[in-house]
Amino acid sequence: MSIEGQIAGIVFGLIFGMIIPRLPLLFFTRFLNLERGLSPHPDPIPVDVPLVQRMLLIRRIHMMGWVLAAFPLLLSIAIMRTSPEPFALGMFAGVIWFILSRLIPVNIQSGVGIMPMKLVRQVNNLRQPDPPCCNRPRPQWEVRKVRCRYCRTVILNKPRPDMGRIRSDGRLLGLFRILLMDGRSLYRSEEEE
Ligand SMILES: [Zn+2]
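Being a predicted model, the structure only gives us computed values, none of them experimental.

## A short note on the overall build of the protein chain
- Along its length, the protein chain carries six helices and four strands.
- Ordered by position in the sequence, the α and β elements of the protein chain form the string α-α-β-α-α-α-β-β-β-α.
- Across its three principal directions, the C-alpha atoms of the protein chain cover 70 × 30 × 25 Å.

Structure below.
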């Protein structure tokens, strides 16, 4: 095989290995209509039962990615055991990239993964802020933190991950964001700084 052919094989394999584990996320958050129950993107999301349910759903979708990651991983290992195919090598690298990007937490205290259970519990506890920030607490998750709609008190200093709403910047950009960021927020939690 020519050098060009080998490079093309590696690149295709890499893309393949990176996209397959993200298929559930792409499909559920970008092509299915998950709009019901939540305010449209990019509006703040009220901290309430629908938000917690959506977080659990997104968490399950992320878990499905792990199941799908097994296919390109095992396939590439099986191919490479018999012959060093560039495509298999690229695919292997792509899956390993996916695994590392999921396993290495941005902040060890906030848990592993894009939607750690710890975060779901934290947000669930905010439905009735204790102590209340004002006489009618209305926490809502804005892009960078959870704040009360009325008194604007910061209740949780965590950026909002992708909740699967159709993004206001369109499906295509949303697609690339999922591939690059896995639904993580572009913003860092200020607790970490
Ligand atoms: Zn308040």
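Once the structure has been displayed, the description carries forward.
## Regarding the nonpolar core
- Counting residues in each nonpolar core, the largest one holds 13 residues, and the members touching the most others are Val47, Leu51, Met55, Val123 and Trp141.
- The dominant element in this core, judged by the number of residues it contributes, is helix α3 (residues 49-82), at four residues.
- Counting residues in hydrophobic clusters, the runner-up holds 10 residues, among them Leu14, Phe87, Val95 and Phe98.

## Here we look at the sheet that holds strand β1 (residues 45-46)
- Taken in spatial order, the four strands make up an open sheet running β1-β2-β3-β4, and their pairing is antiparallel. A single partner strand is all that each edge strand has here, and the edge strands are β1 and β4 (154-156).
- Bridging between strand β2 (residues 139-141) and strand β3 (residues 146-148) involves three bridges; their strand directions are antiparallel. Directly across from Pro139, in β3, lies its bridge partner Cys148.

## Regarding unusual backbone geometry
- In this structure, Pro42 follows His41 across a cis peptide bond, with omega equal to 0 degrees.
- Structurally, the position occupied by Pro42 is in the loop between α2 (23-31) and β1.
- Each neighbour pair has its own omega, and for Asp130 with Pro131 the value is 0 degrees, a cis peptide bond.
- Within the element layout of this structure, Pro131 appears in the loop between α5 (117-125) and β2.
- A positive phi angle is found at Arg152, which is not glycine, with a value near 65 degrees.
- Mapping Arg152 onto the fold places it in the loop between β3 and β4.

## Concerning helix α1 (residues 3-19)
- Its 17 residues place the ends of α1 24 Å apart at the C-alpha level, agreeing with the 24 Å of an ideal helix rising 1.5 Å per residue.
- Every buried residue of α1 is accounted for by Gly13, Leu14, Gly17 and Met18. Buried residues of α1, viewed axially, fall in a sector of 125 degrees; they line one side. Set apart from the buried face of α1 by more than 90 degrees, the exposed residues are Glu4 and Gly5.

## Remarks on the confidence of the model for the protein chain
- Per-residue confidence for the protein chain averages 86 on the pLDDT scale, and 91% of its residues sit at or above 70.
- Helix α6 (residues 171-181) is the least confidently modelled element of the protein chain, averaging 78 in pLDDT, while β2 averages 95, the highest of any element.

## Looking at the environment of Pro137
- Looking at the element boundaries, Pro137 is found in the loop between α5 and β2.
- Those residues in contact with Pro137 that sit more than four places away from it in its chain are Pro129, Pro132 and Cys148.

## Quick notes on the environment of Pro161
- Relative to the helices and strands, Pro161 resides in the loop between β4 and α6.
- When the 19 C-beta atoms within 10 Å are taken as the criterion, Pro161 is described as partly exposed.
- Between the alpha carbons of Pro161 and Pro131 there is a distance of 25 Å; along the sequence they are 30 residues apart.

Thresholds applied
Residues numbered from 1 in each chain as written. Predicted model: local features only at pLDDT ≥ 70, side-chain atom pairs only at ≥ 80, totals over all residues. Helix = DSSP H or I, 4+ residues; strand = E, 2+ residues; numbered from the N terminus. Core = buried A, V, L, I, M, F, W, Y, C linked by C-beta atoms within 7 Å. Buried ≥ 20, exposed ≤ 12 C-beta atoms within 10 Å, placed from the backbone. Pairing = 2+ DSSP bridges. Expected span 1.5 Å × (residues − 1). Arc of directions from axis to C-beta. pLDDT = per-residue confidence, 0-100. Contact = placed C-beta atoms within 7 Å.

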